[in-house]
Amino acid sequence: MNQEQLVNKITENLAGSNRFDTWDKLTPKDSDYMIHSPIPVGYNTTAEQRYLMQNLLIGWNNESILDVGCGRADLYGFINDFYTDSVFSYHGIDHNPVMTALANAKYDITCITGTFETTLIPVTSWVVANGLFTQRRCETEDADLQKLFADIDILYKHSTNIVSFNLLNPINNTHHEGFFYVHPGLVLDMLIEKYQNVVLRNNYSKDVYTVTIYKI
C-alpha cells in the first residue's frame, strides 16, 4: 500500500461510511445486532473501534497475528479491509464462547475459547490485546498492576516481533468504577526497563493510549 492509498484508507476509516452508520444504529431488537453493532464489543461507534485497531497495527508486517481477547474477531475483518493486499495467518482467543461463536458466524474462522493465561496458544509474529486490560481484575490497585505486567510478559513470550495493546489513561479523565486506569509514565518506565524497545502513543484519544513493544 503506497502513501496515497494509506491516506485514503485512514480518511475513509475516520469518516465512516454508510455501512458503519448502519451498524452503529443497530439495536438489540435487530437480528444482526450481535454480529455488527460496536456496542456488544465495547465501542460507541465502528469508526472508533477501527481507529483503535489501526493504531495497534502501525507497521503491520503481513505475517502472523495472535489476537488475545479477540471478541468476535473484528481485527481479522479490519486487516482484510484495511490492508487489502495482506496475506497473513490469524489466531484469536477469547474466554467467552458467545464471542468465538460470533467470530465463526461472521468470518468463518475458528477462534480458541479459553483464558490466554492457561490455554495453549501459538507463538506468532505479532500479538495484539485490544481492550483486554480495561476492566479491573483484582481487589487492589497494586495487585492489578502486578497482574498487568505478568500478562504483558505472557504476550511478549508468544511474539517473535511485536506486542501491542491499549490501556485507559487516568490523566484528566473521569474514573469509572470497575475500570483499570494506569499512568502512561509508569507503564513506559516499567516496560523500557524490562523490554527496552517500547513506543507509547497517546495520539488519538484522551481516554486510551497504545503501547507497542518491539523484539526486533
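The preceding data block contains the structure.
Residues numbered from 1 in each chain as written. Predicted model: local features only at pLDDT ≥ 70, side-chain atom pairs only at ≥ 80, totals over all residues. Heavy atoms only, no water.

Draft legend 1. Structural context of the pairing of strand S1 (residues 64-68). Of all 5 residues making up S1, 5 are buried, and the element is well covered by its neighbours. Residue alternation in S1 divides its side chains into two sets, Ser-64, Leu-66 and Val-68 and Ile-65 and Asp-67, and both sets are buried. Relative to strand S2 (residues 89-94), S1 runs parallel, the two sharing 5 bridges. Bridge pairing links Ile-65 to Tyr-90 in S2. (Buried < 20%, exposed > 50% of the residue type's maximum accessible area, 1.4 Å probe, protein only. Helix = DSSP H or I, 4+ residues; strand = E, 2+ residues; numbered from the N terminus. Pairing = 2+ DSSP bridges.)

Draft legend 2. Structural detail: the side chain of Arg-201. With respect to the helices and strands, the residue Arg-201 is situated in strand S6 (residues 198-201). It is Asp-67 that comes nearest to the buried, bridge-free Arg-201 among opposite-charge side chains, at 16 Å. Arg-201 has contacts with Asn-55, Ile-58, Tyr-209, Thr-210, Thr-212 and Tyr-214, leaving out every residue within four places of it along the chain. (Lys, Arg positive; Asp, Glu negative; His and termini not counted. Salt bridge = Lys/Arg side-chain N within 4 Å of Asp/Glu carboxyl O. Contact = heavy atoms within 4.5 Å.)

Draft legend 3. Layout of the pairing of strand S7 (residues 208-214). Most of S7 sits out of view: 6 of its 7 residues are buried. Note: strand S5 (residues 159-168) against S7, 7 bridges, orientation antiparallel. Bridging from a neighbouring strand, Phe-165 pairs with Val-211 of S7. In this sheet, S7 lies alongside S6 in antiparallel orientation, the contact comprising 4 bridges. Among the inter-strand pairings, Leu-200 is bridged to a residue of S7, identified as Val-211.

Draft legend 4. Region of interest: the nonpolar core. In terms of nonpolar packing, the biggest core is built from 26 residues, with Phe-133, Ile-152, Leu-155, Phe-165, Leu-191, Val-211 and Ile-213 touching the most fellow members. A total of 6 residues in this core trace back to one element, the largest contributor, which is helix H7 (residues 141-157). Residue contacts for Val-211: discarding those within four places in its chain leaves Val-163, Ser-164, Phe-165, Val-187, Leu-191, Val-198, Val-199 and Leu-200. Within the second largest apolar cluster, 20 residues are counted, among which are Phe-82, Ala-103, Cys-111 and Trp-126. (Core = buried A, V, L, I, M, F, W, Y, C linked by side-chain atoms within 4.5 Å.)

Draft legend 5. A look at the state of the cysteines. Per the stated rule, a full pass over the model turns up 0 disulfides. We note that Cys-111 lacks a disulfide partner, and the nearest cysteine sulfur, in Cys-70, lies 3.9 Å from it. (Disulfide = S-S within 2.5 Å.)

Draft legend 6. Broad picture of the sheet that holds S7. Ordered by their spatial adjacency, 7 strands build an open sheet running S3-S2-S1-S4-S5-S7-S6, and the pairing between neighbours is mixed. In this open sheet, the two strands that pair with only one neighbour each are strand S3 (112-113) and S6. Contacts between H7 and the sheet are confined to S1, strand S4 (124-129), S5 and S7, with S5 contributing the most and set at about 150 degrees to the helix. (Axes fitted to C-alpha atoms, helices over the stretch in contact; angles between N-to-C directions.)

Draft legend 7. Region of interest: the packing of aromatic side chains. Scanning the model with the defined rule gives 12 aromatic pairs in all. Here Phe-20 and Trp-23 contribute two aromatic rings whose centre-to-centre distance is 5.9 Å and whose plane-to-plane angle is 40 degrees, an arrangement assigned as tilted. Pair noted here: Phe-20 and Trp-23 are both in helix H2 (residues 18-24), with a separation of 3 residues, about one helical turn. We note that Phe-20, like Trp-23, is buried. Pairing Tyr-76 with Phe-88 gives two aromatic rings, centres 5.9 Å apart and planes at 55 degrees, and the pair type is tilted. Taken together, the residues span a long stretch of sequence, with Tyr-76 in helix H5 (residues 74-82) and Phe-88 in the loop between H5 and S2 at a distance of 12 residues. With a relative accessible area of 21%, Tyr-76 lands in the partly exposed category. The exposure class of Phe-88 is buried, given its relative accessible area of 17%. A network of ring pairs unites the aromatic residues Trp-60, Tyr-76, Phe-78, Phe-82, Tyr-83, Phe-88, Tyr-90, Tyr-107 and Trp-126 as a single cluster. The ring of Trp-23 carries Lys-106 above its face, with NZ or CZ at 5.6 Å from the centroid. Positioned over the ring face of Tyr-156 is Lys-215, at 4.2 Å from the centre of the ring. (Phe/Tyr/Trp six-rings, centres within 6.5 Å; stacked < 30°, edge-to-face > 60°. Lys NZ or Arg CZ within 6 Å of the ring centre and 35° of its normal.)

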